[in-house]
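# A closer look at the structure
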Amino acid sequence: MAETHPEPAAGLAVAVRRFNLWYGDFQALFDVDLDIEAGIVTALIGPSGCGKSTLLRSCNRIVERLGYVRTAGSIEVLGHDVQHPSASRIQVRRQVGMVFQRPNPLPISIRDNVLFSQQLHDRRRWSRSDQDAVVERSLREVLLWDRVKDRLHERAVGLSLEEQQKLCIARLLPTKPAVLLMDEPCSALDPAATAAVEELIWNLRGRYSILIVTHNMAQARRASDRCVFMLMGRVVEHADTEQMFVAPARQETADYIEGRFG
Amino acid sequence: MVPAPGSHQGLDRLDGAWWRDWAARVLVSLGGISAILFIVAIIVFIASQGLEFAWNRLSWAELLTGARWEPTANPPRYGAWPLLAGTAWITAVAMLVAVPLSFAAAIYIGEFATGSRREWLKVTIETLAAIPSVVWGVIGLQVLNPLIQQWFDTPVGLNVLNAGVILGLMAAPIMTTLAEDALKAVPDTYREAAEALGATRWQVIWRVVLPHARPGLSASVLLGIGRAFGETIAVLMASGHRLLPPTSVFDSAATITATIAAELGEAAVDSDHYQVLFVLGLVLFAITFSINLLADGLVRGRRRRA
Ligand SMILES: Nc1ncnc2c1ncn2[C@@H]1O[C@H](COP(=O)(O)OP(=O)(O)OP(=O)(O)O)[C@@H](O)[C@H]1O
Ligand SMILES: [Mg+2]
């Protein structure tokens, strides 16, 4: 595992600095400082309501869809402050893909789902064969190609949940994002599908920096290199996953991991 | 102790709740059925007033294509083509006005406005929908009429353009409300997904929301058309009521409804003239009924697919 830990200076995927966030008057994040290394899987754990989704959704600024959100502090993705007023939300979202809790393919064909992000930005007309190549490459990368190659023009909402979730990952890939954010990507899936998607995430490791929220301790332990424990809007502990599960540094972490509070 | 099979009590007893449920069901069904009964009764009434003439003496070919509507001439001519054409022209202009207006308003209200501004706008639009049509007629007569004369240098400002604009403004509020409902029915997860993929607000609307809402939007247009078809008094006041097929938007024109309203009072009961006006009513009814059916089918079709 040592070689998968890049030098910190060389490879920070996300750097959060004194980040605070308010929903109206309610403060959800308090002075969060966090360095997410590039190229590995980092799990974000903590009890319900501790701010995991909020932090994740701040990284691609999708949290701003709510008009009443205010922030202070900075979040850097690959050295660029995404929270800076002059940063383009659109550019940020091309670099930082997001997978949601419930698979949410758009109500268009499988193929159009994969091509959606690319066609938003590239004014130039893509030739049919270029498009085919992008679709095939993206679907192969999520191990879905063989299952859907004969029905690319069918509506994506007809797929099984597992296939939908894989498609939702595949459609992020054409814009070559650096970071993938996943908010409980397996919580709507059954155990077999969960295992399949976990395997896929593990496969993507290295090419992308992955930040994944999970409530499933076994999943965090199995499928992450580093682990972040949050509590009440603050980061409590950030350590190697093995380390955190075997010998957590903080009492709250130990209590949570052992299920002493929800 | 386990009860023996068959010893459960009360499974077949009809208690108070059952009777209340039964009564509610009967009342509600009666309400629903009475609506259908009314419609049938209206059709039967209209048909009974016009059917004898339609059956025995009316030439349908002349009614639908004849260019001369001269019911009081000798011999009378019942060619309703000028009225059909006038209705079509005015409705078309009305939709050219109402569709952009109502879609823009619906997109603004549904996708951009928030909080109190949004509520305030919705109330305003519902108020607009409640303006009586005679008021719109007066606006056509007193406001649009001189404006059109001035801007386009025409001798009369009561014409297809005037009536179309008035009808468009009249139909826009209800179309806005329906279009906004169609936009609201698009799940927010679609917008979120598209935004997370880097779509701008406008791209989300154009590529995700509008395509998904298309059946509902089409239905709103069809219902707007139905509204424009059926409107009478405002159009009678604003159109100039000229019984010739219009050839431009600056021609005065007459519609089916306006003609019925204008002539029914003068026609002797059960005369041919009286009866042919009811036949026109039936034609109008058939058109609006088909439009509503189509709109309904569009909305239903979408629901089945979703
Ligand atoms: N849209 C919102 N408006 C107001 N408060 C919110 C909103 N979304 C979340 N919150 C609050 O912010 C806090 C953090 O919520 P968040 O969804 O980030 O928690 P979470 O750790 O993801 O929880 P879960 O494990 O249940 O998904 C919670 O107290 C929540 O009530
Ligand atoms: Mg969450």
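Residues numbered from 1 in each chain as written. Chains lettered and ligands numbered in written order. Predicted model: local features only at pLDDT ≥ 70, side-chain atom pairs only at ≥ 80, totals over all residues. Heavy atoms only, no water.

Residues and elements named next belong to chain B. Packing of helix H4 (residues 115-129) against helix H6 (residues 160-184) brings their axes to within 8 Å, and their N-to-C directions diverge by 140°. With respect to each other, H4 and H6 are oriented oblique. Contacts between H4 and H6 pair Arg118, Lys122, Ile125, Leu128 and Ala129 from the former with Pro173, Thr176, Thr177, Glu180 and Lys184 from the latter. Looking at the contact of H4 with H6 residue by residue, the classes come out as four nonpolar, two polar and four charged. (Axes fitted to C-alpha atoms, helices over the stretch in contact; angles between N-to-C directions. Helix = DSSP H or I, 4+ residues; strand = E, 2+ residues; numbered from the N terminus. Parallel < 35°, antiparallel > 145°, perpendicular 65-115°, else oblique. Contact = heavy atoms within 4.5 Å. Nonpolar A, V, L, I, M, F, W, Y, C, P; charged D, E, K, R; others polar.)

As a further point, take the sheet that holds strand E5 (residues 80-81) of chain A. Residues and elements named next belong to chain A. With antiparallel pairing, four strands are arranged side by side in an open sheet as E2-E1-E4-E5. The open sheet is flanked by strand E2 (26-37) and E5, the only strands paired with a single partner. Where strand E1 (residues 12-23) and strand E4 (residues 69-77) come together, eight bridges link them in antiparallel fashion. From the neighbouring strand, Asn20 faces E4, where its bridge partner is Ala72. (Pairing = 2+ DSSP bridges.)

The next point concerns helix H4 (residues 128-141) of chain A. All names here are of chain A. Compared with an ideal rise of 1.5 Å per residue, which puts 14 residues at 20 Å, H4 spans 20 Å between its outermost C-alpha atoms and is within 8% of the ideal. Buried residues of H4: Gln131, Val134, Val135, Ser138, Leu139 and Glu141, and no others. When H4 is viewed along its axis, its buried side chains cluster within an angular range of 160° and face the same direction. On its buried side, H4 packs onto helix H3 (110-121), helix H5 (145-148), helix H6 (161-170) and helix H7 (191-204). (Expected span 1.5 Å × (residues − 1). Buried < 20%, exposed > 50% of the residue type's maximum accessible area, 1.4 Å probe, protein only. Arc of directions from axis to C-beta.)

Opposite the 20 residues of chain A that make contact, chain B presents 18 residues. A buried area of about 1800 Å², summed over both sides, lies between chain A and chain B, and 58% of it is on carbon and sulfur atoms. On the chain A side of the interface with chain B, the three residues burying the most area are A:Arg65, A:Phe116 and A:Leu120, jointly 32% of the side's total. Put simply, chain A and chain B have four salt bridges between them. Between B:Glu192 and A:Arg57 there is a salt bridge, with the nearest N and O atoms lying 2.6 Å from each other. Counting across the chain A and chain B interface gives six residue pairs in polar contact (both at pLDDT 80 or more). When residues of the side of chain A that touches chain B are traced back to their parent elements, those giving at least two are helix H2 (89-95) and H3 of chain A. In terms of residue count, H3(A) provides more of the side of chain A that touches chain B than any other element does, five residues in total. Here the residues of the side of chain A that touches chain B are counted per class, giving 10 nonpolar, five polar and five charged. (Buried area = accessible area lost by both parts, 1.4 Å probe. Salt bridge = Lys/Arg side-chain N within 4 Å of Asp/Glu carboxyl O. Polar contact = N/O pair within 3.5 Å; in protein donor to acceptor, adjacent residues only side chain to side chain.)

The next thing to look at is the sheet that holds strand E3 (residues 41-45) of chain A. All names here are of chain A. In space, the six strands of this open sheet follow the order E6-E7-E8-E3-E9-E10, with mixed pairing throughout. The sheet is open, and its two borders are formed by strand E6 (96-99) and strand E10 (234-240), each paired with just one other strand. Neighbour-to-neighbour, the strand axes of this sheet turn through a mean angle of 20°, independent of strand direction. Of the pairings in the sheet, the one linking E3 to strand E9 (residues 226-231) comprises four bridges and is parallel in character. The residue bridging Ala43 from the neighbouring strand is Cys227, located in E9.

A word on the domain arrangement of chain B. All names here are of chain B. When cut into domains, chain B gives domain 1 (7-56) and domain 2 (69-305). A straight line from the C-alpha centre of domain 1 to that of domain 2 covers 32 Å. Opposite the 11 residues of domain 1 that make contact, domain 2 presents 10 residues. Broken down residue by residue, the surface that domain 1 buries against domain 2 is led by Ile46, Gln49 and Phe53, which jointly contribute 61%. Between domain 1 and domain 2 we count zero salt bridges in total. Here domain 1 is connected to domain 2 by three residue pairs in polar contact (both at pLDDT 80 or more). When the residues that make up the side of domain 1 that touches domain 2 are grouped by side-chain class, the tally is eight nonpolar, two polar and one charged. (Domains from an automatic or database assignment.)

If the charged atoms of two oppositely charged side chains come close together, the side chains can form a pair. In the structure shown here, the tally under the stated rule is 34 salt bridges over all chains. Between A:Arg221 and A:Glu242 there is a salt bridge, with its nearest N and O atoms 3.8 Å apart. Of this pair, A:Arg221 sits in helix H8 (residues 217-222) while A:Glu242 sits in helix H9 (residues 241-246), and the two are 21 residues apart along the sequence. For A:Glu242, a relative accessible area of 44% translates into the label partly exposed. Of the charged contacts, one joins A:Arg250 and A:Glu252 as a salt bridge, the two residues approaching to 3.3 Å between their closest N and O atoms. Of the residues examined, A:Arg250 reaches a relative accessible area of 38% and is grouped as partly exposed. Overlapping salt bridges, with partners in common, bring together A:Arg65, A:Arg93, B:Glu111, B:Asp188, B:Arg191 and B:Glu195 in one network.

Okay, the state of the cysteines next. Residue and element names in this part refer to chain A. Under the criterion given, the structure shown has zero disulfides over all chains. Cysteine Cys50 remains unbridged, with the sulfur of Cys227 as its closest cysteine sulfur at 12 Å. You can call Cys50 buried: its relative accessible area is 3%. Cys168 provides the cysteine sulfur closest to Cys186, a residue in no disulfide bond, and the two sulfurs are 12 Å apart. (Disulfide = S-S within 2.5 Å.)

What follows deals with the pairing of E6(A). All names here are of chain A. What you see with E6 is no split at all: Val96 and Met98 on one side and Gly97 and Val99 on the other are buried throughout. Note that E6 and strand E7 (residues 179-183) share four bridges and pair parallel. If you follow Met98 over to E7, its bridge partner there is Leu181.

Residue and element names in this part refer to chain B. Put simply, helix H3 (residues 81-112) and H4 touch, their axes get as near as 9 Å, and they point 150° apart. Judged by the inter-axis angle, H3 sits roughly antiparallel to H4. In the crossing of H3 with H4, the sense of the turn from one axis to the other is left-handed. Here Tyr108, Ile109 and Gly110 of H3 lie close against H4, whose contacting residues are Arg117, Arg118, Leu121, Lys122 and Ile125. When grouped by side-chain class, the residues that make up the contact of H3 with H4 number four nonpolar, one polar and three charged. (Left-handed = near helix turned anticlockwise from the far one by under 90°.)

To continue, consider the side chain of A:Gln165. Residue and element names in this part refer to chain A. Along the chain, Gln165 turns up in helix H6. A relative accessible area of 0% places Gln165 in the buried class. Those residues in contact with Gln165 that sit more than four places away from it in its chain are Val99, Phe100, Gln101, Arg102, Pro103 and Pro185.

Residues and elements named next belong to chain A. Of all five residues in strand E8 (residues 209-213), five are buried; the element is thus mostly enclosed. Every second residue of E8 is oriented toward a common face, with Ser209, Leu211 and Val213 on one face and Ile210 and Ile212 on the other, all of them buried. Looking at chain direction, E3 and E8 are connected through four bridges and run parallel. When the sheet's bridge partners are listed, Ala43 is paired in E8 with Ile212. Pairing between E7 and E8: five bridges, direction parallel. In the strand pairing of E8, Met182 is matched with Ile212. As a crossover connection, the stretch from E7 through H7 into E8 is right-handed. (Right-handed = clockwise from strand over helix to strand, strands pointing away.)

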